[in-house]
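# Fold and geometry: a report
If you want the building blocks of each chain, they are given just below.
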Amino acid sequence: MLAGIKRMQEVLGIQDVEVRGKNVLIRVDFNVPLDKDFNIMEDTRMRESVPTINYCIDNGAESVVLVGHLGRPDPKLDGQHGSQFSLSHLVKRLERLLNKEVFFAHSLPMAQTLQVEHKHPVILIENLRFYKGEKENDPEFSKQLASLCDIYVNDAFGTSHRKHASTYGIAQYVPTKVAGFLLKKEINSFAKALANPLRPVLLIVGGAKVSSKLTLLRNILDRVDKIIIGGAMSNTFLKALNYNMQASLVEEDLIQDALEILQIAKQKGVHVYLPVDVVSTAHLEHTDQVQITPAQDIPLNYMAVDIGPATSKLFSLVIQGSQTIIWNGPLGVYEVPLFSRGSFQIAHSISNTYAFSLIGGGDTIDVLTRAGYKDSVSFISTGGGASLELLEGKILVAFEVLDRRS
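In short, a report on the structure. (Residues numbered from 1 in each chain as written. Predicted model: local features only at pLDDT ≥ 70, side-chain atom pairs only at ≥ 80, totals over all residues. Heavy atoms only, no water.)

## Comments concerning the sheet that holds strand 10 (residues 277-281)
Two modes of strand pairing occur in sheets, parallel and antiparallel, and in both the strands are linked by backbone hydrogen bonds. Stated precisely, the cut-off is as follows: Here, strands pair whenever DSSP counts at least two bridges between them. By definition, any uninterrupted DSSP run of H or I lasting at least four residues is a helix, any uninterrupted run of E lasting at least two residues is a strand, and each is numbered from the N terminus. Orientation is described by axes fitted as lines to C-alpha atoms, over the contacting stretch for helices, and by angles from 0 to 180 degrees between their N-to-C directions. Any two residues whose heavy atoms approach within 4.5 Å are treated as being in contact.
Strand order in the open sheet made by the three strands is 11-10-12, with antiparallel pairing throughout. Among the strands making up the open sheet, the edge pair consists of strand 11 (290-294) and strand 12 (303-307). Neighbouring strand axes in the sheet, compared pairwise and without regard to direction, differ in orientation by 40° on average. Contacts from helix 11 (residues 309-320) reach strand 10, strand 11 and strand 12, with the element oriented near 40° to strand 12.

Following this line, the structure appears as structure tokens:
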């Protein structure tokens, strides 16, 4: 894990190359949530890209071309899409963030035309996932992207684990390929949490499934001192300890894996904390049928939907005694207000510490936002799947193709 992080830290950044007079293409992560009227609901990912874009503008780049994706359009349509996933909805917000005119290109040829017709333009190209060549990492599509630039900059950490044309294939056809400020900041933050952390190190994992974090739990046991497991995934661990979880979500086929993780953690001296009491209900829709009980006494046909007050206090004490905290996954069905208290309490406890806190995963960030503690943690990763793969000890493929220090 540490060797991989160190290798990723060695990639060259935008400040290591001369951008003056060059056409620069930046792979950004503008995959932001939109409401039904295509208004941007949360623009953190766009804001995080601004330093890299402004650096290129301020240092005399001939043109700055931005490419990215939005949502999951059907690649079989190959360019024939409606407005639901169009990046055109982001132009006005981007202009406000940059305080500069942004030209929108419906196609790659149109972007080339805009480069010629305007002086030092900032150009946003339509959703790359409208084209099947993007996700297929098609060489011809990669060449078309490469023809737009002299320098390729990857600043999209959220897609850096994807071997797509704009994150991987393009690098083969561009002489200079470097990381943007966000990409460097992300990898340096993970290095701080995993390579040279202040101890004790605490990992908090939640969410619905053990299966999505099984590799993470196995690989990180050598790097952390304590683990808190909550959310629906804790049900499988409690079931492995012979608790009757009644109607709670349990991954029966992973009970043995959960038991093995608990045994390995014990052998390595890693303290694992599970819920001691839970909030349970018979129906998510009928919040009048709610009980708080010890984790081993869930009522018949009830399901655990949040950690209980005793567990919140226990977990908060564990958090207060930690110097480095990594959190990925909510600890309950936080979308329902009555079942959000446990996750909100964890967010509050983390915000109240002096520990270095690294938060990853879209749902976890949503919890922080709803609880009002988004600005009270050390670092929020913009990548869900990418941050998970980093924690699993993998080298993200997008880093493999960037120039690095010899």
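Anyway, onward from the coordinates.
## Re the pattern of salt bridges
Stated formally: Salt-bridge detection follows one rule: a side-chain nitrogen of Lys or Arg within 4 Å of a carboxyl oxygen of Asp or Glu. Partly exposed describes any residue whose relative accessible area lies between the buried limit of under 20% and the exposed limit of over 50%, with all areas from a 1.4 Å probe on protein chains only and scaled to the type maximum.
For the coordinates displayed, the defined rule picks out 17 salt bridges. As a salt-bridge pair, R405 and D16 come within 3.3 Å of each other at their nearest N and O atoms. Remark: D16 occurs in the loop between helix 1 (2-9) and strand 1 (23-27) and R405 occurs in the segment after helix 15 (397-400); sequence separation between them is 389 residues. Overall, D16 belongs to the partly exposed group, its relative accessible area being 41%. Among the ionic pairs, R218 bridges to E260, the shortest N-O distance being 3.5 Å. Of this pair, R218 sits in helix 8 (residues 214-220) while E260 sits in helix 10 (residues 255-268), and the two are 42 residues apart along the sequence. Through salt bridges with shared partners, one network takes in D43, R47 and R93.

## Points about the packing of helix 9 (residues 233-240) against helix 10
The line we're drawing: In these notes the angle categories are as follows: under 35 degrees is roughly parallel, over 145 is roughly antiparallel, 65 to 115 is roughly perpendicular, and the rest is oblique. Residue polarity follows a fixed list, in which Ala, Val, Leu, Ile, Met, Phe, Trp, Tyr, Cys and Pro are nonpolar, Asp, Glu, Lys and Arg are charged, and the others, Gly among them, are polar.
The interhelical angle for the contact between helix 9 and helix 10, taken along N-to-C directions, is 80°, at an axis separation of 8 Å. The orientation of helix 9 with respect to helix 10, classified from their angle, is roughly perpendicular. Across the interface between the two elements, T236, F237, K239 and A240 from helix 9 touch I255, A258, L259, I261 and L262 from helix 10. Partitioning the contact of helix 9 with helix 10 into residue classes produces seven nonpolar, one polar and one charged.

## Quick word on the pairing of strand 3 (residues 102-105)
Defined as follows: By convention, a crossover is right-handed whenever its connection, traced from the first strand over the helix to the second and viewed with the strands pointing away, goes clockwise.
Along strand 3, one buried face is formed by V102 and F104 and the opposite face, lined by F103 and A105, is buried too. You can see the chain leave strand 3, run along helix 4 (residues 108-117) and come back into strand 4 (residues 122-125), and the turn it takes is right-handed.

## Some details on the environment of V67
As for its position among the elements, V67 is in strand 2 (residues 63-67). The class of V67 is buried, set by a relative accessible area of 0%. Taking the C-alpha atoms as reference, V67 lies 9.8 Å from A156; in sequence the two are 89 residues apart. Residues within four places of V67 in sequence aside, it is in contact with L25, I26, R27, V28, I125, L128 and L145.

## Observations regarding helix 13 (residues 362-371)
Condition: Note that the arc is computed from the directions linking the helix axis to the C-beta atoms.
Those residues of helix 13 not exposed but buried are T364, I365, V367, L368 and A371. Buried residues in helix 13, looked at end-on, bunch into an arc of 155°, giving them a common side. Count one or two residues on from helix 13 and you reach G372, which has phi positive near 85°.

## Looking at the packing of helix 11 against helix 12 (residues 341-351)
The following threshold applies: Each helix crossing is assigned a hand: it is left-handed if the near helix lies turned anticlockwise from the far helix by less than a right angle, otherwise right-handed if that turn is clockwise.
At their nearest, the axes of helix 11 and helix 12 sit 9 Å apart, and the two run at 25° to each other. With respect to helix 12, the axis of helix 11 lies roughly parallel. Of the two elements, helix 11 crosses helix 12, and the hand of that crossing is right-handed. Residues S312, F315, S316 and I319 of helix 11 form the contact with helix 12, whose own contacting residues are G342, Q345, I346, S349 and I350. By residue class, the composition of the contact of helix 11 with helix 12 is four nonpolar, five polar and no charged.

## A few points about the environment of R129
The topology assignment puts R129 in the loop between strand 4 and helix 5 (132-135). Between the alpha carbons of R129 and V32 there is a distance of 14 Å; along the sequence they are 97 residues apart.

The values are spatial; any link to function lies outside them.
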